[in-house]
Number of protein chains: 2
Amino acid sequence: MNNKKKLIRTKEENVEQLYKQLLHGNRAALAKAITLVESNAERHFTQSQHILQNVIDRTGNSIRIGISGVPGAGKSTFIEAFGLYLCSIGKKVAVLAVDPSSSKSGGSILGDKTRMEELAKHPQAFIRPSPSGGTLGGVNRKTRESILLCEAAGYDVILVETVGVGQSEGIVRDMVDFFLLLVLTGAGDELQGMKKGIMELIDLILVNKADGENLRNANRTAREYNQILHFLQPATPGWQTKAKTCSAINGTGIMEAWEVITQFAQNTKDSDQFEKRRSEQKQQWFFASLKDELERRFFQHSTIKTQLPIVKKKLDQENMPVSTAVKELLDQYDRREE
Amino acid sequence: MNNKKKLIRTKEENVEQLYKQLLHGNRAALAKAITLVESNAERHFTQSQHILQNVIDRTGNSIRIGISGVPGAGKSTFIEAFGLYLCSIGKKVAVLAVDPSSSKSGGSILGDKTRMEELAKHPQAFIRPSPSGGTLGGVNRKTRESILLCEAAGYDVILVETVGVGQSEGIVRDMVDFFLLLVLTGAGDELQGMKKGIMELIDLILVNKADGENLRNANRTAREYNQILHFLQPATPGWQTKAKTCSAINGTGIMEAWEVITQFAQNTKDSDQFEKRRSEQKQQWFFASLKDELERRFFQHSTIKTQLPIVKKKLDQENMPVSTAVKELLDQYDRREE
């Protein structure tokens with residue numbers, strides 16, 4: 001056996017080992033597998049797909065919960081309190097993030113693990129910062145596949161956090177079963193600033209910081225939201241979205257939020273809405289990925305890399321019609337094998 | 001010469017004749033050429049591209065003006081008054097339409113030519129209803145190519161009308177030099193209902209129906225819009241968008257609107273912003289078309305038509321990971337010539 005073959009063999013063995021460890025709930029193996037999923041290298045893609053194929057039958061057995069809220073709404077404090085509560089009742093909790101800003105800046109909303117110090121230390125919890133780099137579409141794929149890996153590792157509650165800035169809510173809605181929005185007091189003001197359509201994605205609104213002097217205001221805000229929700233299309237057919245209050249700091253409303261979610265899971269499983277949504281999400285994700293990958297292969301192909309600048313020049317300098325330029329480039333691409 | 005060859009020859013001769021007549025400003029030839037552009041038949045595509053290639057050097061010499069406004073803002077009455085004024089000062093005016101609803105329903109905002117009866121009869125005017133059928137992307141291509149054909153036929157002002165419902169404004173902005181929004185009195189109310197971001201696309205706001213008892217209200221509304229515009233990013237760098245009043249019915253403000261547009265053309269041509277935008281529009285249109293056509297060819301290919309249902313089944317029933325399904329389908333597509 002030559003050296004190269006040996007190296008490949010070793011890697012294959014590593015990947016085999018990795019998914020077996022992952023299926024046993026090994027956190028380090030899970031973290032490594034997610035790193036492979038997040039990598040942009042072709043070789044890592046092959047490895048991560050191999051892992052996914054081998055664990056896919058063990059996925060799907062969690063409740064996937066999206067959590068959004070404007071900066072300052074107290075998302076990390078809430079996730080820490082909520083996650084610790086879930087651990088206390090025997091659940092295994094994974095926290096992932098979709099961060100529209102990280103795809104541009106390389107920054108990350110969950111980069112700082114100290115934000116959820118207690119939860120991060122808990123043996124039943126797994127926290128993963130937002131994958132950095134790449135487009136929002138790329139972050140999207142990485143998060144979806146990370147959810148599957150967490151499920152295979154036995155995590156039964158997956159929390160997907162995102163910043164409530166309007167760009168990523170739709171993406172997160174399409175990968176979760178239940179979507180929770182954290183807000184602060186002053187429904188009217190916040191609604192003004194909220195991007196239209198966000199309210200229609202939500203299954204539960206939690207008015208956070210319902211404690212101390214703020215309690216009365218928080219209750220009034222929840223009532224105001226409930227009045228508005230009354231006029232809106234529900235995010236999930238057959239489920240009436242409600243607004244409730246909570247205090248992540250003194251722990252009130254946390255258990256009640258989980259009760260709402262288990263009730264939701266029960267209802268939607270009974271009505272088949274749960275499976276229907278998951279199946280639709282998978283189909284829609286398949287078509288979006290297919291289009292992304294079709295484009296990626298096209299623009300990365302050597303024929304297109306050579307011909308694109310030539311066609312663009314004809315477009316600019318020889319005043320070629322756009323449709324003709326498109327046809328010329330695609331005909332060359334279609335003939336590339338001949 | 002056999003019959004088939006003769007037929008093809010005749011068609012080629014017809015197409016040659018068509019574009020020559022079009023270049024001489026023949027309205028029937030222009031209408032026929034646009035029909036070829038609007039057709040979804042492959043054969044007509046080839047013919048329309050042949051025409052476009054032969055007339056492209058005679059395009060670009062117009063000012064392309066987008067006109068939007070909510071239903072009831074008086075778009076047809078305004079276009080009739082504005083178009084007739086332009087004809088009276090020696091311009092040739094073409095009116096095209098982008099109608100987001102027509103791509104679904106087959107209906108058309110300009111289907112009823114009687115809406116602009118006087119203008120339709122004028123020898124210097126050409127009115128074309130919105131192309132029906134197809135996606136908004138398809139309507140988009142058809143309208144862009146129709147603009148070029150109108151220019152080649154000597155029309156020097158192209159009006160592109162659209163319904164102000166938020167969906168099509170961005171598309172129209174990307175194909176015109178100047179974008180005009182018609183509004184009614186009551187800036188506050190209208191702004192509430194206006195989709196966010198629309199204001200940032202506009203180069204001139206005209207408060208219509210500034211006549212009779214409505215005159216005072218219209219003037220106040222224009223002032224309110226001007227106050228708001230003061231805080232917004234201008235649609236065109238170096239150009240301060242303003243709100244003015246007009247009355248399409250008694251003809252006031254029509255000449256002034258044209259003065260604003262000629263001033264705009266002068267300024268943006270002096271600063272090279274005019275050419276810069278047109279060049280960017282062409283590039284962006286090229287890339288959008290390229291992606292559309294890439295997808296169209298993919299999904300219409302026999303390999304994909306056969307394999308897609310098989311892969312979808314594996315996705316559903318055999319629980320294949322999405323990325324694997326995508327890779328399998330694209331690998332088959334890439335190998336299709338082998």
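Structural data are supplied above this passage.
All chains use their own residue numbering, which begins from 1 and follows the written sequence. Chains and ligands are labelled sequentially in the order written, the chains with letters from A and the ligands with numbers from 1. Side-chain atom pairs in this predicted model are given and counted only at pLDDT of 80 or more, local residue features only at pLDDT of at least 70, and totals for whole chains, interfaces and linings cover all residues. For side-chain calculations, the full set of non-hydrogen atoms in the structure is used, while hydrogens and water are omitted.

**A closer look at the overall build of chain A**
Then comes step 1: The helix count covers DSSP runs of H or I at least four residues long, the strand count covers runs of E at least two residues long, and both are numbered beginning at the N terminus. A count of helical and extended segments in chain A gives 14 helices and seven strands.
Then comes step 2: Accessibility here uses a 1.4 Å probe with only protein chains present; expressed as a share of the type maximum, an area under 20% marks a residue as buried, one over 50% as exposed, and anything in between as partly exposed. Burial status across chain A gives 51% buried among its 338 residues.
Then comes step 3: What makes two residues a contact is simply this: any of their non-hydrogen atoms within 4.5 Å. Sequence-distant contacts, at least 24 apart, represent 77% of the contacts inside chain A between residues at least 6 apart.
Then comes step 4: For the area figures, the Shrake-Rupley method with a 1.4 Å probe applies, and any residue is considered shielded solely by the protein chains shown. When the accessible surface of chain A is summed, it comes to about 15800 Å², and 50% of that surface belongs to carbon and sulfur atoms.

**Looking at the pairing of strand β7 (residues 242-245) of chain A**
All names here are of chain A.
Then comes step 1: At least two bridges found by DSSP between two strands is the condition for calling them paired. Where strand β6 (residues 204-207) meets β7, four bridges bridge the pair, whose relative direction is parallel. The partner of Val 207 across the bridge, within β7, is Thr 245.
Then comes step 2: Handedness is read with the strands pointing away from the viewer; a crossover is right-handed when the path from the first strand over the helix to the second is clockwise. In terms of handedness, the path from β6 via helix α10 (residues 215-229) over to β7 forms a crossover that is right-handed.

**Describing helix α11 (residues 254-270) of chain A**
The periodicity of an α-helix, 3.6 residues per turn, causes residues three or four positions apart to be oriented the same way.
Residues and elements named next belong to chain A.
Then comes step 1: Each residue after the first adds 1.5 Å to the expected span of a helix. With 17 residues, α11 extends 25 Å from end C-alpha to end C-alpha; this agrees with the ideal 24 Å at 1.5 Å per step.
Then comes step 2: Restricting attention to buried positions, one finds in α11 the residues Ile 254, Ala 257, Trp 258, Val 260, Ile 261, Phe 264, Ala 265 and Thr 268. The buried side chains of α11 occupy one side of the element, clustering within an arc of 155° when seen end-on.
Then comes step 3: One or two positions beyond α11, positive phi appears at Asp 272, with a value near 70°. By definition, the arc is the one covered by directions from the helix axis to the C-beta atoms.

**Observations regarding the packing of helix α13 (residues 302-317) of chain B against helix α14 (residues 322-334) of chain B**
All names here are of chain B.
Then comes step 1: Angular values range over 0 to 180 degrees, each being the angle between N-to-C directions of two axes fitted as lines to C-alpha atoms, with helices fitted over their stretch in contact. The geometry of α13 relative to α14 is characterised by a closest axis approach of 10 Å and an angle of 160° between their N-to-C directions. With respect to α14, the element α13 is oriented roughly antiparallel. Relative to α14, α13 is oriented so that their crossing is right-handed. Contacts between α13 and α14 involve Thr 303, Ile 304, Gln 307, Leu 308, Val 311, Lys 314 and Leu 315 on the former and, on the latter, Val 322, Ala 325, Glu 328, Leu 329, Gln 332 and Tyr 333. Oblique is the label for every angle not falling under 35 degrees (roughly parallel), over 145 degrees (roughly antiparallel), or within 65 to 115 degrees (roughly perpendicular). Handedness of a crossing is defined here by the sense of rotation of the near helix relative to the far one, left-handed for an anticlockwise turn of less than a right angle and right-handed for a clockwise turn.

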